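In case you want the letters, here they are:
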Amino acid sequence: AQTVTQSQPEMSVQEAETVTLSCTYDTSESNYYLFWYKQPPSRQMILVIRQEAYKQQNATENRFSVNFQKAAKSFSLKISDSQLGDTAMYFCAFWGTSGSRLTFGEGTQLTVNP
Amino acid sequence: SAVISQKPSRDICQRGTSLTIQCQVDSQVTMMFWYRQQPGQSLTLIATANQGSEATYESGFVIDKFPISRPNLTFSTLTVSNMSPEDSSIYLCSVSDAPTNEKLFFGSGTQLSVL
């Protein structure tokens, strides 16, 4: 069974600065997908970024980028130029191609301060 | 990306009653998932619902408590039966982007409070 661990329950950052959220996972699969989802107070789960395990290049979406270290089973999210609207709970998630299910980490509450 | 409508958005229910949550998708999808998010916690998969077959439940969840229907490729319901205060949670419907199943999209969730 896969496990996803987020060791930072809460983080804060000043507006316009950069913050990195950590995620580690454990799996025996060789092909899988990793995700970061954002959940603001509205409850809506919003896909932030996705990484395919067989791609060595780190995924980037505007101000969001990941540092994917497959051997270390690490998948961190970097948010550049933080904005107040980035305040939310962030979940790291794992999708194994054999399991057909999304496994979530415990979440990191990010607060962006003005 | 799929657009998912989930109803109701929130409800307050009495102990011992049942609530049915509806999930409507704007396109045909193979796999639909139901998640529970207890207060302050992460998402836990309740079951996977595929059209034309019975739902597959995760450990700790049973059909008698959480019956699921999947009558077609765009619609599903989850019923929370014989509710207790411990069922107070957010319930989320999600779908995958078949055929690749590389992304999961979520409805806006149902905030359930049981008194």
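Everything here concerns the structure above.
Calculation criteria
Along every chain, residues carry numbers that run from 1 in the direction the sequence is written. Chains carry letters and ligands carry numbers; both start at the beginning, A for chains and 1 for ligands, and go up in the order they are written. Side-chain atom pairs in this predicted model are given and counted only at pLDDT of 80 or more, local residue features only at pLDDT of at least 70, and totals for whole chains, interfaces and linings cover all residues. Heavy atoms from the whole structure form the basis of all side-chain values; hydrogens and water molecules are not counted. Here a strand pair is declared whenever DSSP counts at least two bridges between the two strands. Think of it this way: any DSSP run of H or I at least four residues long counts as a helix, any run of E at least two long counts as a strand, and we number them from the N terminus. For helices, the fitted axis covers only the stretch in contact; all axes are lines through C-alpha atoms, and the angles between them, taken along N-to-C directions, range from 0 to 180 degrees. Method remark: on a 1 Å grid restricted to protein atoms, a set of points is classed as a cavity if a 1.4 Å probe fits but cannot get out and as a pocket if it is open with protein on both sides within 12 Å along at least five of seven lines; lining residues have an atom within 4 Å of a point. Grid points are joined across faces, edges and corners, and a volume is the space filled by probe spheres set on the points. Gly counts as polar in this scheme, as do all residues outside two lists: the nonpolar Ala, Val, Leu, Ile, Met, Phe, Trp, Tyr, Cys and Pro, and the charged Asp, Glu, Lys and Arg. We call two residues contacting when some pair of their heavy atoms lies within 4.5 Å. Summary of the burial criterion: residues with accessible area below 20% of their type's maximum are buried, those above 50% are exposed, and those between are partly exposed, where the area comes from a 1.4 Å probe applied to protein chains only. Two N or O atoms count as a polar contact when they lie within 3.5 Å, although within protein this holds only if one can serve as hydrogen donor and the other as acceptor, and sequence-adjacent residues are included solely when both atoms are side-chain atoms. By convention, a stacked pair of Phe, Tyr or Trp rings (six-membered ring in the case of Trp) has centres within 6.5 Å and planes under 30 degrees apart, an edge-to-face pair has planes over 60 apart, and any other such pair is tilted.

The strands making up a sheet associate through hydrogen bonds between their backbones, and the pairing can be parallel or antiparallel. Residue and element names in this part refer to chain B. The strand order across the open sheet formed by four strands is β1-β3-β8-β7, and the pairing between neighbours is antiparallel. Every other strand in the sheet has two partners, leaving β1 (4-7) and β7 (68-72) as the edge strands with one partner each. Between one strand axis and the next, the sheet turns by 15° as a mean value, whatever way the strands run. As paired elements, β7 and strand β8 (residues 75-80) share three bridges and run antiparallel to each other. Of the residues in β8, the one forming a bridge with Ile-68 is Leu-78.

The subject of this paragraph is the layout of surface pockets. Unoccupied space between atoms shows up once a probe the size of one water molecule is rolled over them. One number sums up the size of the largest pocket: a volume of about 220 Å³. Taken together, 15 residues line the largest pocket, and the ones lying closest to its centre are Gln-2, Arg-101, Leu-102 and Thr-103 of chain A together with Glu-58 of chain B. Elements supplying a minimum of two residues to the lining of the largest pocket: β1 (3-5) and β11 (102-104) of chain A together with β5 (43-50) of chain B. Taken together, the residues that form the lining of the largest pocket break down as eight nonpolar, five polar and two charged.

A separate point is the environment of Met-89 of chain A. Residues and elements named next belong to chain A. Residue placement: Met-89 occurs in strand β10 (residues 88-96). Here the alpha-carbon distance between Met-89 and Thr-111, two residues 22 residues apart in the chain, equals 8.7 Å. In this view, Met-89 contacts Tyr-37, Lys-38, Gln-39, Gly-107, Thr-108 and Gln-109; residues no more than four positions away in its chain are not counted.

Residues and elements named next belong to chain A. Tracing the backbone shows Ser-82 in the loop between β9 (74-79) and β10. Residue classification places Ser-82 among the buried residues on the basis of a relative accessible area of 1%. Engagement of the side chain of Ser-82 in a polar contact is seen with the backbone oxygen of Glu-17, the distance being 2.8 Å. Among all residues touching Ser-82, those that are not within four sequence positions of it are Val-13, Gln-14, Glu-15, Ala-16, Glu-17, Thr-18, Val-19, Arg-63 and Val-112.

Counted under the stated rule, the structure contains 15 aromatic pairs over all chains. Look at Tyr-37 of chain A and Phe-106 of chain B: their rings are 5.4 Å apart centre to centre, the planes differ by 85°, and that puts the pair in the edge-to-face class. Here Tyr-37 of chain A, found in strand β5 (residues 32-39), pairs with Phe-106 of chain B, found in strand β10 (residues 104-106), and the two come from separate chains. Assessed through its relative accessible area of 0%, Tyr-37 of chain A is described here as buried. Judged by centre distance (6.5 Å) and plane angle (45°), the ring pair of Phe-66 of chain B and Tyr-91 of chain B falls under tilted. Pair noted here: Phe-66 of chain B is in the loop between β6 (56-57) and β7 and Tyr-91 of chain B is in strand β9 (residues 89-96), with a separation of 25 residues, a long-range link. Of the two residues, Phe-66 of chain B and Tyr-91 of chain B, neither departs from the other in class, the shared state being buried. Site record: aromatic cluster; members linked through ring pairs are Phe-35, Tyr-37, Phe-91 and Phe-104 of chain A together with Tyr-35 and Phe-106 of chain B.

Function-wise, these values are silent; they only describe arrangement.
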